[in-house]
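# Understanding the architecture of this molecule
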Amino acid sequence: MRPTRTRAGLLPAVLLLLAAACADAGPSVSPSGGGPSSPAGSAAAFPVTVTDDDGVTVTIQAEPERIVTFAPSATEIVFALGLGERLVGVSGPFDDFPPEARRVAEVGGAGDFGVDPNIEQVVSLQPDLFLTIKGGDQWKERLRDLGVPVVTLDATDLDDLLEDIRTVGRITGATEGAESLANQMQAEAQGIADALAGRPAVTCFYETFYPPLYTVGPGTFIYDLLERAGCDPVTAPADQQYPEWSVEDLVRQSPEVYLVSSESGSSPRAVAKRAGFQAVSAVAAGRVVPVNADLVERPGPRVLAGLRLLAEALHPDVLV
Amino acid sequence: MRTAVRFRRVLLGLALALVAAFLLGVAVGAVWVTPWSTIRLVGWKLGLVDRPEDVARSAEVIVFQLRLPRVLLAAIVGAALAASGTVFQGLFRNALADPAIIGVSSGAALGAVLVIVTIGAGSLGAFGVPLAAFCGAMATAILVYRLARIGPTVHVATLLLAGIAVAAVISSVMSLVMSFSGEEIRNIYAWLLGGLVAQGWRSIATVLPVVAVGLAGATLVSRELNLVALGEERAAQLGVEVDRLKRRAIAVGALLAAGAVSVAGVIGFVGLMTPHLLRLVIGADHRRLLPAAVLGGAILLILADLAARTIIAPSELPVGVVTALLGGPFFLFLLRREGRRAGARG
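In every chain, residue numbers begin from 1 and rise along the written sequence. For naming, the first written chain is A and the first written ligand is 1, with later ones following in the order written. Only residues with pLDDT of at least 70 get local features here, since the model is predicted, and only at 80 or more are side-chain atom pairs given and counted; chain-wide, interface and lining totals rely on the full set of residues.

This next bit is on the interface of chain A and chain B. Throughout, a pair of residues is in contact if the C-beta atoms placed from their backbones lie within 7 Å. Taken together, the contact pairs 31 residues of chain A with 44 residues of chain B. Per the convention used, a helix needs a DSSP run of H or I reaching at least four residues, while a strand needs a run of E reaching at least two, with both numbered from the N terminus. In terms of residue count, helix α8 (residues 247-253) of chain A provides more of the side of chain A that touches chain B than any other element does, 5 residues in total. Classes in brief: Ala, Val, Leu, Ile, Met, Phe, Trp, Tyr, Cys and Pro nonpolar; Asp, Glu, Lys and Arg charged; the others, Gly included, polar. For the side of chain A that touches chain B, the class distribution of residues is 17 nonpolar, 8 polar and 6 charged.

This is the structure we're talking about:
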């Protein structure tokens, strides 16, 4: 990437895709070969046709036996549905949960920003399902042309995620497992909502990167979790999903809780030392809380742990 | 003497405009602080009045810890870029030379990134990154100069081609370094994108001495740059040690660019537009052009940054986007005009 400031607008995209990227594109030996295994759910009726979050209609002819996930969140969903054995490829070192995922071959690291899959490698794995997230329309098109069924998941809020999990269940034949996972997550979310019922929302700010200061706006999965955790983000007026934010405005709004994503690379101590930040209520009151980004920024089966974490940070007196 | 009068008027006008831009930059931002509040806050800091009770503490922080250092940093970086552009344009005898266009800024960025990746940004003290940026800028400037020079002159086409080629190589090396950088990639992004937002007063303490030395150096070479404008042979006949001058001018231009890049990343076109516009007004005498460009560059970057932080407030634009939007068309216009001139010369 060229070091020009004009490319700065790409940062949010690049950072997000970093999660799906890796420098190490070389083929690695994979012990989980992905041979046929018993279906994790009930025998669903194949072929299954779905319209994915890119608006593309995909038909899965038979129950997939060789799955490639190109996003850590998709990897986690596949494992949570008990389909880890069928995984033949993941995006890269960011696909680190569950730990078994690290033993699967990596297919990422190609393209201009190192965030595309290596098409040759994907094809050589002969996947019958390729699960990924938004972005990369061009390589997706290529993969489809080469006969790889690509399904895009794009969860913009928790309900959307539960729907995505059910969709993955349907197209992998793990319908029942997906249903029970989604229901369980739904119930947990409800429990947290009940515990927080009647509590006034506290103002908060979620830092994804610094410097410059980047945050989340409405319409993102993280923003939805913040609201569910009883927060009123001061970035509500943002019209971008991942805007660069004015420190002046942060100081003026002075949120009560300052959340720092672990992907930001900062610590609460470093936050307190920045110019002007002492004037933010959260910093003055010591309410700068590091957040494990894996639990909050990956729309996957662990987000309820993330939601609980956020709720505890925002409302420490409420036992959730 | 009419040009001298005119020069003094222009310089005075620029100085007043700088004061106005500075005040505007401090008065306006993503958050509205009334000018009256700002004035009283400043008066209070100067010990003239008591702390104005009705002004929020947040306004005080915004004005003194966020805006003031940012506007000052914009002024220093803008001045450095414009001075660097002036020196390179004089040295190359080419109005299209700009530290970003000829790849010197990229070289500085690569130097800085290499230090960040290998030993960490803070390990050499405050001046580690500027020093590395300087080495990168210097090496690039020498390389581009050698490549671009055919016989005694540096033609537009060869200069641009050499700059583009070198910048492309540097950009690839940068990508390579970043691919292998692992966790450090975050620091690199932060550094590349940090721009004027990042460090407040600390950046100013780092960059001010570097730029001050650079500006002093630029002042020293400006007379000899005038003689080089007559052609290197003439300059030599007039007693200029041309090779020594070139080394010095490259060092000065590289130092100024490195100072700017080390705190603000690569910001294009300030070094191109400022000297060029002012040359049209006050002529090509570097002893006059340099101080005018310093003021003009400061004004330009203060205003560009003001636009960057207010247009889509409370979100922000990178300031490089604003300067590129202004400077890109300007560059194309110049290129076209140079082309016509070359055509006219046959």
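The discussion continues.
Moving on: the domain arrangement of chain A. Residue and element names in this part refer to chain A. Domain boundaries in chain A define domain 1 (30-184) and domain 2 (198-314). Taken together, the contacts link 12 residues of domain 1 with 13 residues of domain 2. Secondary structure elements with two or more residues in the side of domain 1 that touches domain 2: α2 (72-80) and α5 (158-172). When residues of the side of domain 1 that touches domain 2 are assigned to their parent elements, the largest contribution, 5 residues, is made by α2. Along the lines of polarity and charge, the residues of the side of domain 1 that touches domain 2 split into 8 nonpolar, 2 polar and 2 charged. Those domain boundaries reflect an automatic or database domain assignment.

For the rest of this paragraph, the subject is the packing of α5(A) against helix α6 (residues 175-196) of chain A. Residue and element names in this part refer to chain A. For the pair α5 and α6, interaxial distance at closest approach is 7 Å and the crossing angle is 165°. Relative to α6, the element α5 is oriented roughly antiparallel. For the crossing formed where α5 meets α6, the hand is right-handed. Mapping the contact onto sequence places Leu158, Leu162, Ile165, Arg166, Val168, Gly169 and Arg170 in α5 and Thr175, Gly177, Ala178, Glu179, Leu181, Ala182, Met185, Gln186 and Ala189 in α6. Among the residues forming the contact of α5 with α6, the class breakdown is 9 nonpolar, 4 polar and 3 charged. As a rule, the C-alpha atoms of each element are fitted with a line to give its axis, helices using only the stretch in contact, and angles between N-to-C directions run from 0 to 180 degrees. Any angle that is under 35 degrees is reported as roughly parallel, and any over 145 degrees as roughly antiparallel; angles of 65 to 115 degrees are reported as roughly perpendicular and all others as oblique. In this scheme the crossing of two helices becomes right-handed for a clockwise turn of the near helix relative to the far one and left-handed for an anticlockwise turn of less than a right angle.

Time to look at the nonpolar core. Counting 208 residues, the largest nonpolar core has Leu310(A), Val77(B), Ala83(B) and Ala112(B) as the members making the most contacts within it. Counting residues per element, this core draws most heavily on helix α3 (residues 57-92) of chain B, at 22 residues. Residue contributions to this core reach at least three from each of two domains, namely domain 1 (30-184) and domain 2 (198-314) of chain A. Those residues within four positions of Ala83(B) in sequence are excluded, and the remaining contacts are Gly214(B), Leu215(B), Ala218(B), Leu256(B), Leu290(B), Ala293(B), Val294(B) and Gly297(B). Any set of buried Ala, Val, Leu, Ile, Met, Phe, Trp, Tyr and Cys residues joined through C-beta atoms within 7 Å is what this text calls a nonpolar core. Here exposure depends only on C-beta density: within 10 Å of a residue's C-beta, 20 or more other C-beta atoms make it buried, 12 or fewer make it exposed, and intermediate numbers make it partly exposed, the C-beta atoms being placed from the backbone.

For the rest of this paragraph, the subject is the sheet that holds strand β3 (residues 67-70) of chain A. All names here are of chain A. Strands were regarded as paired on the criterion that DSSP finds at least two bridges between them. Reading across from one edge, β4-β3-β5-β6 is the order of the 4 strands in this open sheet, with parallel pairing throughout. Only two strands of the sheet have a single partner each, and these edge strands are β4 (87-89) and β6 (150-152). Each adjacent strand pair in this sheet contributes to an overall mean axis angle of 30°, direction not counted. Here strand β5 (residues 129-132) pairs with β6 via 3 bridges, running parallel. Note that in β6 the partner of Leu131 across the bridge is Val151.

So, about the confidence of the model for chain A. Predictor confidence is given residue by residue as pLDDT, running from a minimum of 0 to a maximum of 100. When pLDDT is averaged along chain A, the result is 87; 85% of the residues meet or exceed 70. Taken together, the stretch residues 1-42 of chain A has pLDDT below 50 and engages in 109 contacts with residues farther than four places along the chain or on a different chain.

Residue and element names in this part refer to chain A. With respect to the element layout, Ser246 can be found in the loop between β9 (231-233) and α8. Given 24 C-beta atoms within a 10 Å radius, Ser246 is considered buried. As for Ser246 and Gly111, which are separated by 135 residues in sequence, their C-alpha atoms are 32 Å apart.

Residues and elements named next belong to chain A. Strand direction decides the pairing type here: strand β1 (residues 48-51) and strand β2 (residues 57-60), joined by 4 bridges, are antiparallel. Bridging from a neighbouring strand, Thr49 pairs with Thr59 of β2. In textbook terms, the turn of a hairpin is the stretch between consecutive antiparallel strands, and for β1 and β2 this stretch comprises 5 residues, one of which, Gly55, has a positive phi near 80°.

Averaged over every residue, the pLDDT of chain B is 87; the share at 70 or more is 96%. Predicted confidence in chain B is weakest over strand β2 (residues 153-154) of chain B, with a mean pLDDT of 72, and strongest over helix α12 (residues 286-310) of chain B, with 95.

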